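Fold and contact review
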Amino acid sequence: MTQKFIFRDAIRLDHLFQLYRNQPALITSFASRTFGDVEEKVADVWVNLIKSGVGKGQRIALHGANSELHLYLFLAAWLLDFLYLPLDYKAPLTGLFQNTQISLLITDEKRSVDYDGKVVPAAQILNPKNVVPADRKWSAVPFSREASAIFTSGSMGAPKGIVHTVGNYIYSALGTNEFLGITSSDRWLLCLPLFHVGGALIWVRTLLSGSACILPDPEQNLAHSIQQFQPTVISVVPAQLIRLLEQKEALSCLQRMKTIMLGGAPTPEWLIVKSLDLGLPIMPTYGCTESCAQVTGVAQGSPRQDYFSAGQAAPHRKIRIQQDGLIVLGGKTLFKRYLSAPQNLSPDPDRFFVTADAGSFDARGNLVIQGRTDNIFISGGENISPLEIENCLLQQEGILTAIVVPAPHREYGLTPWAFVETSGIFDEKSILDRLRKDLPGYKLPKKIIRLEPCHLEGKMKFSRNSLTRLARTLSEESTPP
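Residues numbered from 1 in each chain as written. Predicted model: local features only at pLDDT ≥ 70, side-chain atom pairs only at ≥ 80, totals over all residues. Heavy atoms only, no water.

It is worth spelling out the environment of Lys56 at this point. By secondary structure assignment, the location of Lys56 is in the loop between helix H2 (35-51) and strand S4 (59-63). Between the alpha carbons of Lys56 and Phe82 there is a distance of 5.1 Å; along the sequence they are 26 residues apart. The contact partners of Lys56, leaving out residues within four places of it in the chain, are Leu80 and Asp81. (Helix = DSSP H or I, 4+ residues; strand = E, 2+ residues; numbered from the N terminus. Contact = heavy atoms within 4.5 Å.)

Right, let's talk about the packing of H2 against helix H3 (residues 68-80) for a bit. Packing of H2 against H3 brings their axes to within 9 Å, and their N-to-C directions diverge by 65°. Relative to H3, the element H2 lies roughly perpendicular. The handedness of the crossing between H2 and H3 is right-handed. Here H2 contributes Val38, Lys41, Val42, Val45, Trp46, Leu49 and Ile50 to the contact with H3, which in turn contributes Leu69, Tyr72, Leu73, Leu75, Ala76, Leu79 and Leu80. (Axes fitted to C-alpha atoms, helices over the stretch in contact; angles between N-to-C directions. Parallel < 35°, antiparallel > 145°, perpendicular 65-115°, else oblique. Left-handed = near helix turned anticlockwise from the far one by under 90°.)

Evaluated as defined, the whole model comprises 19 salt bridges. Between Glu39 and Arg21 there is a salt bridge, and its shortest N-O distance comes to 2.4 Å. Of this pair, Glu39 sits in helix H2 while Arg21 sits in the loop between helix H1 (13-19) and strand S2 (24-28), and the two are 18 residues apart along the sequence. Residue Glu39 is classed as buried on the basis of its relative accessible area, which comes to 9%. You can call Arg21 partly exposed: its relative accessible area is 26%. (Salt bridge = Lys/Arg side-chain N within 4 Å of Asp/Glu carboxyl O. Buried < 20%, exposed > 50% of the residue type's maximum accessible area, 1.4 Å probe, protein only.)

Time to look at the sheet that holds strand S25 (residues 399-409). Strands sit in the order S25-S26-S27 across an open sheet of 3 strands; the sheet is mixed. Each edge of the sheet is formed by a strand with only one pairing partner; in this case those strands are S25 and strand S27 (447-450). Strand after strand, the sheet turns through a mean of 25° between neighbouring axes, direction not considered. Sheet topology places strand S26 (residues 413-422) next to S27; 4 bridges connect them, and they run parallel. In the strand pairing of S27, Ala418 is matched with Ile448. (Pairing = 2+ DSSP bridges.)

Let us look at the sheet that holds strand S17 (residues 312-313). Ordered by their spatial adjacency, 9 strands build an open sheet running S3-S2-S12-S11-S13-S14-S15-S16-S17, and the pairing between neighbours is mixed. The two strands at the open ends of the sheet, each matched to only one other strand, are strand S3 (32-34) and S17. In the packing of H2 onto the sheet, the strands contacted are S2 and S3, and the crossing angle to S3 comes to about 85°.

Function-wise, these values are silent; they only describe arrangement.
Right, here's the structure in full:
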């Protein structure tokens, strides 16, 4: 590592901010902040957190849309040694706190009935009026320090907290920057949710390279943001790229970019073909929360056939394929532990993580993803656990059976459909209205169908595979040609 702010096993954020002090670090719709400005903002948050009683080892959560506060809290966690939990702002607060042991919740929403701990509004933490001590010093941040817990849907239904260290983020960002050739002149548009590891990594990548992170208003249309800010790099999921290709004004901006990272969900072949034919600098990737975002990518200038794979490993990552075909990940970006595991767990630098993804290597050494082996599926870049939705449905009075399956969707790839057996009147709208209290919009079934005796097909119980085939047929019949 040649950066003057990175040492063998630690990073000096104060040295980083000093090195790039006058360069733009953060661009929003309202301001352009230099690295020096960002350092002052982080210092304000640092002081306000201390005054709010935040200390080492605590868990601090933020429930809110993408904002500057997310970025400053992320770095403050490194400095103050607390664990940062960015919560899914699309999900209702109710039910987000099970087994999380949060010390402080930062949110502008009303207090949840399930949480009786300390709550502060975002403005209180961002308030710049507190005087930062003149002798304030930021010591080196060790790579081993736990930085955040990112939640991802698990096959057992309940989201799992994935704990990453500072080193996981550093190595992930350095490897991606090297793979893409990121320089201080680049401008990266942050258009992914900051409660996902992929969103947080954009911030770390730009910081380490001295480049600019563009943070648009969360309500702003993506195509408009691209035209307004003219980024050189973006990270999008296939559903976002599909919508962008329908915007003629955005297409020329996309063609002038350095890289369009494409991941988060399987990419349809037709989208790859269309993008390449349009001259778009796409980079299909593969990654997961456990691996701290990107694992592989298709390098620019690769043969056309490579773009129909997930490419090859970026620096600091390791990939293996088990005999049963499952993809196994290792390297310096691999997460430390689950949130439910002991904090004093000593990570094994040589350990590997067995994913639920099946894959293989082609003749050129590219990773080819063959699909998941559990019931989890991806809808527009979001992991969907059928069991989580089924459990919510079964909590409703009158629902006897609930089976959630993926149905094809041109834009999102797959969407959840639900089949339910009821003891009384079936009312799809009423069922959906009650689900909205427990689930974010992207997890709501796009269609709820009442189970009838004919769905048993002469069997003793309903078949998930048969209902999956039925949902696929009904979805294709309802899709315009």
